[in-house]
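Now for the letters of each chain:
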Amino acid sequence: MACMMSSMSTSDLLSSDWLTSEHSTGTSIMAVEFNGGVVIGADSRTSTGAYVANRVTDKLTKITNHIYCCRSGSAADTQAIADIVNYHLEFHEVQLGEAPLVKTAASVFQELCYNYRDQLTAGIICAGWDRRHGGQVYNIPLGGMCVRQPFAIGGSGSTYVFGFVDSNFKQGMNQDECVQFVLKTLALAMSRDGSSGGVVRLGIITEDGIERRTVLGNELPRFYEG
Amino acid sequence: MSSIGTGYDLSASQFSPDGRVFQVEYAQKAVENSGTAVALRGKDGVVFAVEKLVTSKLYETGANRRIFNIDTHIGMAVAGLLADSRQIVETARTEASNYRAEYGGNIPVKYLADRVAMYKHAYTLYSAVRPFGCSVALGSYDEVDGPQLFMVDPSGVSFGYLGCAMGKARQAAKTEMEKLKLKDMTCMELLKEAAKIIYIVHDEVKDKHFELELGWVGAVTQGRHQKVPQDVYSEVERYAKSALEDDSDSGNDDM
């Protein structure tokens, strides 16, 4: 446990990790496909070393009306990438004359994350709905691979919940079951991972667009807390 | 309808006093001198039929193809200067390939038609180049959007069609097409009618020998564009030839 009171000296100030560390979305993020759309979720903690720079972060970033991405890794890197993908997709939508496919957004993410893999720290889950293939989740982890999965988890908190999701995932869940699945998983991850916490931000993307929800700390599912 | 440009027709960068770009019109004339090509869009696919004029008996059969594959799901039939058309085919293939590399999927045929049209149009703006002397028809089929057919002419104008014709007998071909209820026809029916149209409009006097080239893309090919298989080709050719004889026979009936 850290000491509550500590005397500050100049060397402390210069060497404190929260003054010198990069903003990182430590994070627990998740996305699940269901028939008719996807449910995406993320925690809300941005940490700079041990200091929580933002405890109400929104890690669910819009790419188009029907395509969102969950960001984990470096906050700066993922924001920059999401901006570029947003630009590409907006342009593409105008040229195409119709809403772009989720696969297209995932491919653009992949191009960037793979070609600049040495300079980036970005783990992204791209999820959304399109009229051709319905709800889709694409996982684009650190090296820049891109793979579609029925559900995907990411971020530092995900390591604690692989067992939970593997044992609790069922094919053919409906929207509400998916929401509960995401909430439970993220609650568990946030409970164990120091870099994840705050509130759970949810997004439910269907043909009609996105419905956003925020579940506050005291409303989250509770588990054994030791 | 021909008129002499006299001085305003030397480069594509010049308008004539009555607002025409003669170089583009001359390019369209080049298309009109080539063998007829028709494309039909029906209920579950798009078919291409080309009257490939054979100028010498010494050519191998199947030489100088006029129906091409642009990626696996799009077919392109061309009319006009064949060398110019081959350039357009290469350009379209590169576009489709770049699209797949960047966006991870099949290029939508409408989007490709727009890109080809923009490319051809660019060549109508400058005096350093000449317009492409070819018209191309692009067709594709997929389960969500159904069959789609577009044609791009030398001026760079692109439209979607239910049926389109290019080349020397295109007016006659269009007249024949208008008799058909294209929307409700299946790929096989379309093929037969397209081949029949080619045989009907073919001028026996001026162009002796021709090869019928056929291509199709539809539900029957699972959305892949391909040359029509030999057995289907034979059946369609037989239908077209016999329909032609029926037509010419009916002309000999006594009143």
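Being a predicted model, the structure only gives us computed values, none of them experimental. Positions within a chain are numbered from 1, following the residues in the order the chain's sequence is written. Here every chain gets a letter starting at A, and every ligand a number starting at 1, in the order they are written. Local features in this predicted model are restricted to residues whose pLDDT is 70 or higher, and side-chain atom pairs enter the listing and the counts only when it is 80 or higher, whereas totals over whole chains, interfaces and linings include all residues. With hydrogens and water stripped out, all remaining heavy atoms of the structure feed into the side-chain values.

Let's shift gears to the environment of I63(A). Residue and element names in this part refer to chain A. Secondary structure elements follow DSSP: runs of H or I of four or more residues count as helices, runs of E of two or more count as strands, with numbering from the N terminus. For I63, the location among the structural elements is in strand 6 (residues 60-64). Relative accessible area serves as the criterion here: at 3%, I63 is assigned to the buried category. Each C-alpha atom, one on I63 and one on V179, is 21 Å from the other, the two residues being 116 residues apart in sequence. Any two residues whose heavy atoms approach within 4.5 Å at even a single point are treated as in contact. Once you skip the residues sitting within four places of it in the chain, I63 turns out to touch Y68, C69, A82, V85, N86, L89, A105 and F109. A 1.4 Å probe rolled over the protein chains alone gives each residue an accessible area, and that area as a share of the maximum for its type sets the label: buried under 20%, exposed over 50%, partly exposed in between.

For the rest of this paragraph, the subject is the interface of chain B and chain A. Chain B puts eleven residues into the contact, and the matching count from chain A is eleven residues. Defined here as a combined quantity, buried area equals the accessible surface (1.4 Å probe) lost by two parts on assembly, summed across both. Summing both sides of the interface, chain B and chain A together bury roughly 1,100 Å²; the carbon and sulfur share of this comes to 45%. For the chain B face of the interface with chain A, the top three residues by lost area are E102(B), Y103(B) and Y111(B), together amounting to 49%. One speaks of a salt bridge when a side-chain nitrogen belonging to Lys or Arg is within 4 Å of a carboxyl oxygen belonging to Asp or Glu. Counting every contact that joins chain B to chain A gives three salt bridges.

All names here are of chain B. The buried fraction of strand 1 (residues 37-41) is high, at four of five residues. By this definition, two strands are paired if DSSP reports at least two bridges between them. Bridge count for strand 1 against strand 8 (residues 163-166) is four bridges, and the pairing is antiparallel. When the bridges of strand 8 are listed, A39 appears paired with C164. Here strand 1 pairs with strand 2 (residues 45-53) via five bridges, running antiparallel. Following the sheet pairing, V38 is matched in strand 2 by A49. Linking strand 1 back to strand 2 in an antiparallel pair, the connection comprises three residues.

We now examine helix 5 (residues 187-201) of chain B. Residues and elements named next belong to chain B. Under the convention used throughout, the expected extent of a helix is 1.5 Å for every residue step, that is, one less than its residue count. With 15 residues, helix 5 extends 21 Å from end C-alpha to end C-alpha; this agrees with the ideal 21 Å at 1.5 Å per step. Across the 15 residues that make up helix 5, a large majority, eleven, are buried. Considered for burial, the residues of helix 5 that qualify are C187, L190, L191, E193, A194, A195, K196, I197, I198, Y199 and V201.

Counting across every chain of the model gives 23 salt bridges over all chains. For K52(B), the salt bridge identified is with E213(B), shortest N-O distance 3.6 Å. Highlighted residues: K52(B) in strand 2 and E213(B) in strand 9 (residues 210-218), separated in sequence by 161 residues. In this structure, E90(B) and R93(B) form a salt bridge, with 3.6 Å as the shortest nitrogen-oxygen distance. One end of the pair is E90(B) and the other is R93(B), both in helix 2 (residues 82-103) and three residues apart, which spans about a single turn. Among the residues examined, R93(B) registers a relative accessible area of 32% and is labelled partly exposed. In the salt-bridge network here, residues are joined through shared partners; they are E98(A), R131(A), R132(A), D142(B) and D145(B).

Residue and element names in this part refer to chain B. Strand order in this open sheet of five strands is 8-1-2-9-10, and the pairing throughout is antiparallel. Only two strands of the sheet have a single neighbouring strand rather than two, namely strand 8 and strand 10 (226-227). Bridge count between strand 2 and strand 9: nine bridges; the pairing is antiparallel. Looking at the pairing, L53 lines up with F210 of strand 9. Those strands touched by helix 4 (residues 170-178) are strand 1 and strand 8, and its axis lies near 160° from that of strand 8. To obtain an axis, a line is fitted to C-alpha atoms, over the contacting stretch when the element is a helix, and the angle between two such axes runs from 0 to 180 degrees between their N-to-C directions.

Only residues whose relative accessible area exceeds 30% and that form no salt bridge enter a patch; like-charged residues are grouped when within 9 Å of one another, and nonpolar side chains (Val, Leu, Ile, Met, Phe, Trp, Tyr) when within 5 Å. Note on areas: these come from Shrake-Rupley sampling with a 1.4 Å probe, and a residue is covered only by the protein chains present in the view. Together, W18(A), L19(A) and Y51(A) line one region of the surface with nonpolar side chains, adding up to about 350 Å² of accessible area. Here Y51(A) lies in strand 5 (residues 51-54).

Look at helix 4 (residues 102-115) of chain A against helix 2 of chain B: their axes get within 7 Å of each other, and the N-to-C directions meet at 80°. By the angle class used here, helix 4 of chain A and helix 2 of chain B are roughly perpendicular. Residues K103(A), T104(A), S107(A), V108(A) and E111(A) of helix 4 of chain A form the contact with helix 2 of chain B, whose participating residues are A101(B), E102(B) and Y103(B). Three classes are used, and their members are as follows: Ala, Val, Leu, Ile, Met, Phe, Trp, Tyr, Cys and Pro are nonpolar, Asp, Glu, Lys and Arg are charged, and the others, Gly among them, are polar. For the contact of helix 4 of chain A with helix 2 of chain B, the per-class residue count stands at three nonpolar, two polar and three charged. With respect to orientation, any angle under 35 degrees is reported as roughly parallel, any angle over 145 as roughly antiparallel, any angle of 65 to 115 as roughly perpendicular, and every other angle as oblique.

Limitation: the analysis is restricted to geometry and does not speak to function.
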